[in-house]
Amino acid sequence: MNILNKLKETAVSVLPIMGIVLVLGIFILHLEAVLLSRFVIGGLLLIMGLTLFLLGVDLGIQPLGERSGAALTKKRSLPLLLTVAFIIGFVVTAAEPDIQVFGDQVKGIFPFVNKSTITFVIATGVGLFIMIGLLRTVLNLSIKLTFLIAYNLLFALAMFAPNAFIGIAFDSGGATTGPMTVPFIMALGLGVSSVRDDNDNSFGLTGVCSIGPVIAVILYSIYLRASGAFEGQQAIESTSQIQEGLTNTSFIAQVFTSFGHAFGEVLHESLMSIAPLFAMFIIFQILLLKMTGRQVVRIIIGFIYALIGLTIFLLGVKGGFSQAGAALGQALGQKAVSNGGFWYILLVGTGLILGAIIVCAEPAVWVLSEQVEQVSGGTIKRKMLLIFLSVGTAIAIGLSIWRAVAGFDLKIILIPGYIISMLLMIFCPSLFSGIAFDSGGVASGPLTSTFVLSFTLGAAQSGNGGNDSFGVIALVAMMPLIAIQIMGIIFKIKKNSVKNKQLSKGGDL
């Protein structure tokens, strides 16, 4: 892989976001120079980090996942495959930094929720559903039927869950799909399906895994309601610190202080993300894979690149990128509430544009798009996938901003959205349905859950959204299900049209 090409591609994804924020921040909203400077430095770190991370995935994470999936399948022991799958899902999810942050957010809103308990509930959900996903692949069960049954069960259970927990439950599905776990889970599914030589079953494992935590959290909320935990309790409004206090220290010190404070945290998060996978690599190498020394060295180098890249990426996001998102959202939200009209259009329009662009900078989206193009033999173009994914995410962010300001019930969008997704499966090729549900998981990555969530929170503080931060990730995870399946239907129509033309020409001969 050419690292310069990766650098160019990541820069093309991130620089437009930087351009939009800088134009709005400098010429229209007049944001603080310190904040914008941090944003620029954060953006450059993000580009560097994403480039190194993707290099590490190609060298280490993806080959390890594919080899592990293929080797486990060749053992022809279904209990062994499913047991290992559960352990992988549980351990990796429990160590995922996004889940730790998510647990803190939930406890901040509902103090009676135990952080460790909800973490284990989510991890158990992922573990069980990664087992179901791999069992489906091995037994060659319909991906469409699997999703239909799972989502029907999910919404049936949701009828008994507290309304305040619906957004939390759906967001938990997006929070589990972190930048380290998604590439490994997708590669594991590809490895299992490669043994069966069935490309139509290559995707969908991440989508199935995302359902597990949602159902698990819904069941947990039903238990909490039955135990009387909600009685006499009132949700605490979440708050977001938009800007750190600016002191009389020098301009340069103010700019770089934020990165210094964030470094220890992001290094810890990166290590916690990569450690379980690296431990599994060692165990699998000893007991299962038996790779050559050259292959082992290559994978270790990949892990090192991934660790360095993820650390730099998260440092850029948390050191300056997300702060600018929160400030931008709050400033635009205040203008929209005070003046309406043009400012309201500008707020929602900015959300649409940022949603369309920012999804292309998510690490897991890059991994998915490359795997789709590779598995399809180039018939499904990566650029086309990114376009449809961008459109879906843009609509999701636009709806999130609208909800943040207007404050309407999340179920008004979620229920019709998933009904449409289920109906589209009837007409969509199975391969595209699997890709669509995988896309829903990967679209809600660290960049979306920090910059976009901060932007939406800032807007919510100015509107009637009640500072409800939950539901943004849920909408971002839902819209790609519709967008990518529409792409699949268009692909199917074009393919049939070409076939008919070829048959027609053959008949003329």
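Now for a look at the structure at hand.

The rules we used
Residues numbered from 1 in each chain as written. Predicted model: local features only at pLDDT ≥ 70, side-chain atom pairs only at ≥ 80, totals over all residues. Heavy atoms only, no water. Helix = DSSP H or I, 4+ residues; strand = E, 2+ residues; numbered from the N terminus. Rg over C-alpha atoms; globule rule 2.2 N^0.38 Å. Buried < 20%, exposed > 50% of the residue type's maximum accessible area, 1.4 Å probe, protein only. Contact = heavy atoms within 4.5 Å. Areas by Shrake-Rupley, 256 points an atom, 1.4 Å probe, with all protein chains shown as cover. Lys, Arg positive; Asp, Glu negative; His and termini not counted. Charge placed at Lys NZ, Arg CZ, Asp CG, Glu CD. Core = buried A, V, L, I, M, F, W, Y, C linked by side-chain atoms within 4.5 Å. Salt bridge = Lys/Arg side-chain N within 4 Å of Asp/Glu carboxyl O. Expected span 1.5 Å × (residues − 1). Bend = angle between axes of the 7 residues up to and from the residue. Patch = residues over 30% accessible without salt bridge, like charges linked within 9 Å, V, L, I, M, F, W, Y side chains within 5 Å. Phe/Tyr/Trp six-rings, centres within 6.5 Å; stacked < 30°, edge-to-face > 60°. Lys NZ or Arg CZ within 6 Å of the ring centre and 35° of its normal. Axes fitted to C-alpha atoms, helices over the stretch in contact; angles between N-to-C directions. Parallel < 35°, antiparallel > 145°, perpendicular 65-115°, else oblique. Left-handed = near helix turned anticlockwise from the far one by under 90°. Nonpolar A, V, L, I, M, F, W, Y, C, P; charged D, E, K, R; others polar.

### Looking at the overall build of the chain
In terms of helices and strands, the chain carries 18 helices and zero strands. In summary, the chain has a C-alpha radius of gyration of 22 Å against a globular reference of 23 Å for 509 residues, a match within 12%. Dimensions along the principal axes, computed over C-alpha positions, put the chain at roughly 70 × 65 × 50 Å. Taking all 509 residues of the chain together, 59% fall into the buried category. For the chain, the proportion of contacts with a sequence separation of at least 24, taken over those separated by at least 6, is 87%. Counting every atom, the chain has about 20,400 Å² of accessible surface; 66% of that belongs to carbon and sulfur. Separation of charge centres in the chain, based on 29 positive and 23 negative side chains, amounts to 10 Å.

### Notes on the nonpolar core
Grouped together as the largest cluster of nonpolar side chains are 163 residues, with contacts concentrated most on Tyr 151, Phe 321, Leu 328 and Leu 414. A per-element tally of this core places helix H11 (residues 293-339) first, with 17 residues. Excluding residues within four positions of it along the chain, Leu 328 makes contact with Val 21, Leu 24, Leu 29, Leu 31, Thr 350, Leu 354 and Phe 455.

### Concerning the side chain of Ser 421
With respect to the helices and strands, the residue Ser 421 is situated in helix H15 (residues 411-427). With relative accessibility at 0%, the residue Ser 421 sits in the buried group. Excluding anything up to four places from it in sequence, Ser 421 contacts Leu 481, Ile 482 and Gln 485.

### Some details on the environment of Pro 79
With respect to the helices and strands, the residue Pro 79 is situated in helix H3 (residues 78-95). You can call Pro 79 exposed: its relative accessible area is 56%. The spacing of Pro 79 and Leu 135 is 56 residues in sequence and 9.9 Å in space, taken between C-alpha atoms.

### A closer look at the pattern of salt bridges
Applying the stated criterion to the full structure yields four salt bridges. Lys 318 serves as the salt-bridge partner of Glu 269, at 2.5 Å between the closest nitrogen and oxygen. Here Lys 318 lies in helix H11 and Glu 269 lies in helix H10 (residues 251-289), a separation of 49 residues in the sequence. Relative accessible area serves as the criterion here: at 8%, Glu 269 is assigned to the buried category. Across the salt bridge formed by Arg 382 and Glu 370, the nearest N and O atoms sit 3.9 Å from each other. Here the residue Arg 382 occupies a position in helix H14 (residues 382-406), and Glu 370 occupies one in helix H13 (residues 363-375), the gap between them amounting to 12 residues.

### Quick notes on helix H1 (residues 3-28)
If you check H1, its first and last C-alpha atoms are 37 Å apart, about what 26 residues at 1.5 Å a residue would give, namely 38 Å. Taken as a whole, H1 carries its principal kink of about 30° at Val 12; the proline Pro 16 stands between one and four residues after it. Phi turns positive, to about 55°, at His 30, one or two residues after H1.

### Observations regarding a nonpolar patch on the surface
On the surface, Ile 415, Ile 419, Leu 423, Ile 426 and Phe 427 cluster together to form a nonpolar patch covering roughly 500 Å² of accessible area. Its location among the elements puts Ile 419 in helix H15. Taking the relative accessible area as the measure of exposure, Ile 419 reaches 47% and is therefore partly exposed.

### Quick notes on the packing of aromatic side chains
Enumeration over the complete set of coordinates arrives at 17 aromatic pairs. Aromatic side chains Phe 110 and Phe 165 sit 5.3 Å apart centroid to centroid with 40° between the ring planes, which places their arrangement in the tilted category. Placement of the pair is Phe 110 in the loop between helix H4 (97-109) and helix H5 (115-139) and Phe 165 in the loop between helix H6 (143-158) and helix H7 (166-175), with a sequence separation of 55 residues. Note on Phe 110: relative accessible area 5%, which makes it buried. You can call Phe 165 buried: its relative accessible area is 1%. Among the aromatic residues, ring-to-ring pairing joins Phe 147, Tyr 151, Phe 155, Phe 170, Tyr 418 and Phe 437 into one connected group. Here Lys 335 stacks its cationic end above the ring of Trp 343, 5.3 Å away from the centre of that ring.

### Details of the packing of helix H9 (residues 205-226) against helix H16 (residues 430-443)
At a minimum axis distance of 6 Å, the contact between H9 and H16 shows a crossing angle of 60°. Taken together, the axis directions place H9 and H16 in an arrangement best described as oblique. Seen along the crossing, H9 lies across H16 with a hand that is left-handed. Residue-level inspection shows Leu 205, Thr 206, Gly 207 and Ser 210 of H9 in contact with H16, the latter providing Phe 437, Asp 438 and Gly 441. In terms of residue class, the contact of H9 with H16 is made up of two nonpolar, four polar and one charged.

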